[in-house]
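Examination of the molecular architecture
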Amino acid sequence: MARHTADRLAALRAKLLEAECDAFVGLAPPDNQYLTGFTGTTSAVLVTQDTAEFLCDSRYTEQAESQVSGYDVQEVSGSVPVRLGERLDALGVGKPSFDPAYLSVAQLEAIQETTKASLTPVPGVVSLLRAVKSPDEIARIREASRLAEGVLADLLGTLTAGLTERELAASFEYEFKRRGARGASFDTIALFGARSSLPHGEPDGTPLSSGDAVLLDFGCRLDGYCSDLTRTYAYDTIPGAWFETIYEVVLEAQRAALKAVRPGIECRKLDAVARDVIAEAGYGERFGHGLGHGVGIEVHEGPRLGKESETVLEEGMVVTIEPGIYVPGQGGVRIEDLVAVTSDGCEPLCGAPKTLKVL
Ligand code: ZN
Ligand code: ZN
């Protein structure tokens, strides 16, 4: 069994004792990838203190046999949740845990109708383990980030007037795959001009023109792990003094937050460091979203860096720091970096320059 598989099983079993549950059941690909190494989309994991079972249907048996170690791999037919319920009774499990954020109501009902066991919600049972990364996981996230940054560096030189947002987003996603990634870690955001005020706008047929803000938020999935990065530029000429002003405020807010990242800080306090800089500059109402989020097997995972997050940062967590200011009708600026929390601060996992650049 791979060492990390054994470590993760041991950590999960300790968590089950703490939660007073005698098993864990999981149907969600991210948790199942973390526990077993399997990267397919349909599987079930059932872990007790003495057993570890992995169920999949015939489409995935060959893949599971090469990826999954340390688990008893079983090929099943029909409904995977129903088979999972049957295994609970076969093993005599009484109180299995599941994560309510990672099991649908339909899946829960299918398992519960099959078994006598009493399924018990334990929020974050596996995802809280996932939040603290191993050096190997951090290295994979760094590689995903490097690949995406390489695409950014090459595509910036190709921007021409008339290119549409959708064309540019498509180029990112094509290049991710061409360079070895599984694909984008989320739908690429490329927004020009006033549309950059939409924090998560969808690229459309808007053509690039002189004096546009260019907001690019993108990432790829490589070797099972995601990256996430945002940069904002000006095309041909600065859109106006307002743009330079908000760019400097966002950059200052981001620098202040990056400096404050360390183990032991509450996520809501870190969020406040950036939020205060933006509010003092008079743009408090224009920064609506949280400061950042964890990145790993999923592009958005724990911890959440928001106004209400009481989670405390720990060494090994990987998070984004992404303040923004969005002025409707004019445009927006967001600057997002990916960092790993170290023993006394943080280590950047990306290196794309951040000084205001006119393309
Ligand atoms: Zn992003
Ligand atoms: Zn992000």
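Residues numbered from 1 in each chain as written. Chains lettered and ligands numbered in written order. Predicted model: local features only at pLDDT ≥ 70, side-chain atom pairs only at ≥ 80, totals over all residues. Heavy atoms only, no water.

Evaluation of the coordinates by the stated rule reveals one cavity of 30 Å³ or more. Counted as a void, the largest cavity has a volume near 40 Å³. If you go around the largest cavity, the residues you meet are Phe 24, Val 25, Gly 26, Leu 27, Ala 28, Asp 31, Phe 98, Asp 99, Tyr 102 and Leu 103. At three residues, strand E1 (residues 23-26) tops the list of elements feeding residues into the lining of the largest cavity. The residue makeup of the lining of the largest cavity, split by class, is seven nonpolar, one polar and two charged. (1 Å grid on protein atoms, 1.4 Å probe; cavity = no way out; pocket = protein on both sides within 12 Å on 5 of 7 lines; lining within 4 Å. Points joined across faces, edges and corners; volume = space filled by probe spheres on them. Helix = DSSP H or I, 4+ residues; strand = E, 2+ residues; numbered from the N terminus. Nonpolar A, V, L, I, M, F, W, Y, C, P; charged D, E, K, R; others polar.)

Looking now at the pattern of salt bridges. On inspection of all chains with the given rule, the structure shows 25 salt bridges. A salt bridge links Arg 8 to Glu 137, with the nearest nitrogen and oxygen atoms 3.7 Å apart. Here Glu 137 lies in helix H7 (residues 135-156) and Arg 8 lies in helix H1 (residues 3-18), a separation of 129 residues in the sequence. On the basis of relative accessibility, which here comes to 2%, the residue Glu 137 falls in the buried class. The salt bridge involving Asp 136 is made with Arg 140; its shortest N-O contact spans 3.4 Å. Highlighted residues: Asp 136 and Arg 140, both in helix H7, separated by four residues, approximately one helical turn. For Asp 136, a relative accessible area of 38% puts it in the partly exposed group. The exposure class assigned to Arg 140 is partly exposed, which follows from its relative accessible area of 26%. (Salt bridge = Lys/Arg side-chain N within 4 Å of Asp/Glu carboxyl O. Buried < 20%, exposed > 50% of the residue type's maximum accessible area, 1.4 Å probe, protein only.)

This next bit is on the packing of H7 against helix H8 (residues 165-178). Where H7 contacts H8, the axes come no closer than 10 Å and their chain directions differ by 130°. Classified by the interaxial angle, the pair formed by H7 and H8 is oblique. Of the two elements, H7 crosses H8, and the hand of that crossing is right-handed. Side by side, H7 and H8 meet where Leu 147, Ala 148, Val 151, Leu 152 and Leu 155 of the first sit next to Ser 171, Phe 172, Glu 175 and Phe 176 of the second. Partitioned by chemical class, the residues of the contact of H7 with H8 number seven nonpolar, one polar and one charged. (Axes fitted to C-alpha atoms, helices over the stretch in contact; angles between N-to-C directions. Parallel < 35°, antiparallel > 145°, perpendicular 65-115°, else oblique. Left-handed = near helix turned anticlockwise from the far one by under 90°. Contact = heavy atoms within 4.5 Å.)

As a further point, take the domain arrangement of the protein. Taken domain by domain, the protein consists of domain 1 (3-130) and domain 2 (135-348). For domain 1 and domain 2, the distance between their C-alpha centroids amounts to 34 Å. Taken together, the seven residues of domain 1 in the interface contact seven residues of domain 2. Of the roughly 670 Å² buried between domain 1 and domain 2 on both sides combined, carbon and sulfur atoms contribute 39%. The three residues of domain 1 that bury the most area against domain 2 are Gln 33, Thr 39 and Arg 130, which together make up 54% of that side's buried surface. A salt bridge links Arg 130 to Glu 301; the nearest nitrogen and oxygen atoms lie 2.7 Å apart. Counting across the interface, domain 1 meets domain 2 through five residue pairs in polar contact (both at pLDDT 80 or more). With three residues, the single largest contributor to the side of domain 1 that touches domain 2 is helix H2 (residues 29-36). Residues of the side of domain 1 that touches domain 2, tallied by class, amount to three nonpolar, two polar and two charged. (Domains from an automatic or database assignment. Buried area = accessible area lost by both parts, 1.4 Å probe. Polar contact = N/O pair within 3.5 Å; in protein donor to acceptor, adjacent residues only side chain to side chain.)

This paragraph deals with the coordination of the zinc ion (ligand 2). Donor atoms from the polypeptide that coordinate the zinc ion (ligand 2) comprise Asp 228 (OD), His 293 (NE2), Glu 322 (OE) and Glu 336 (OE), at 2.1 to 2.2 Å from the metal. Geometry at the zinc ion (ligand 2) is irregular, judged from the four donor atoms that bind it and their angles of 77 to 152° at the metal. Written as a sequence motif, the donor residues of the zinc ion (ligand 2) are D-x64-H-x28-E-x13-E. In this model, the zinc ion (ligand 2) sits 3.1 Å from the zinc ion (ligand 1), the two metals being bridged by Asp 228. You can see Glu 322 sitting in the loop between strand E15 (318-321) and strand E16 (324-327) and its partner Glu 336 sitting in the loop between strand E17 (331-334) and strand E18 (337-341), a full 14 residues away along the chain. For Glu 336, a relative accessible area of 0% gives the class buried. (Donors = N, O, S within 2.8 Å, 3.2 Å for Na, K, Ca; no water. Tetrahedral: all angles 85-135°; square planar, octahedral: opposite > 155°, others 65-115°.)

With that settled, the discussion passes to the layout of surface pockets. When its volume is computed, the largest pocket comes out at roughly 690 Å³. Of all elements in the fold, only helix H6 (127-131), strand E13 (292-294) and strand E14 (301-305) reach the threshold of two or more residues within the lining of the largest pocket. Looking at the lining of the largest pocket, the element that brings in the most residues is E14, giving five residues. Per-class residue counts for the lining of the largest pocket are ten nonpolar, twelve polar and nine charged.

In this structure, Asp 217 (OD), Asp 217 (OD), Asp 228 (OD) and Glu 336 (OE) serve as the protein donors to the zinc ion (ligand 1), at separations of 2.0 to 2.7 Å. One way to put it: the four donor atoms around the zinc ion (ligand 1) meet at angles of 53 to 147°, and that makes the site irregular. Mapped onto the sequence, the donors of the zinc ion (ligand 1) take the spacing D-x10-D-x107-E.

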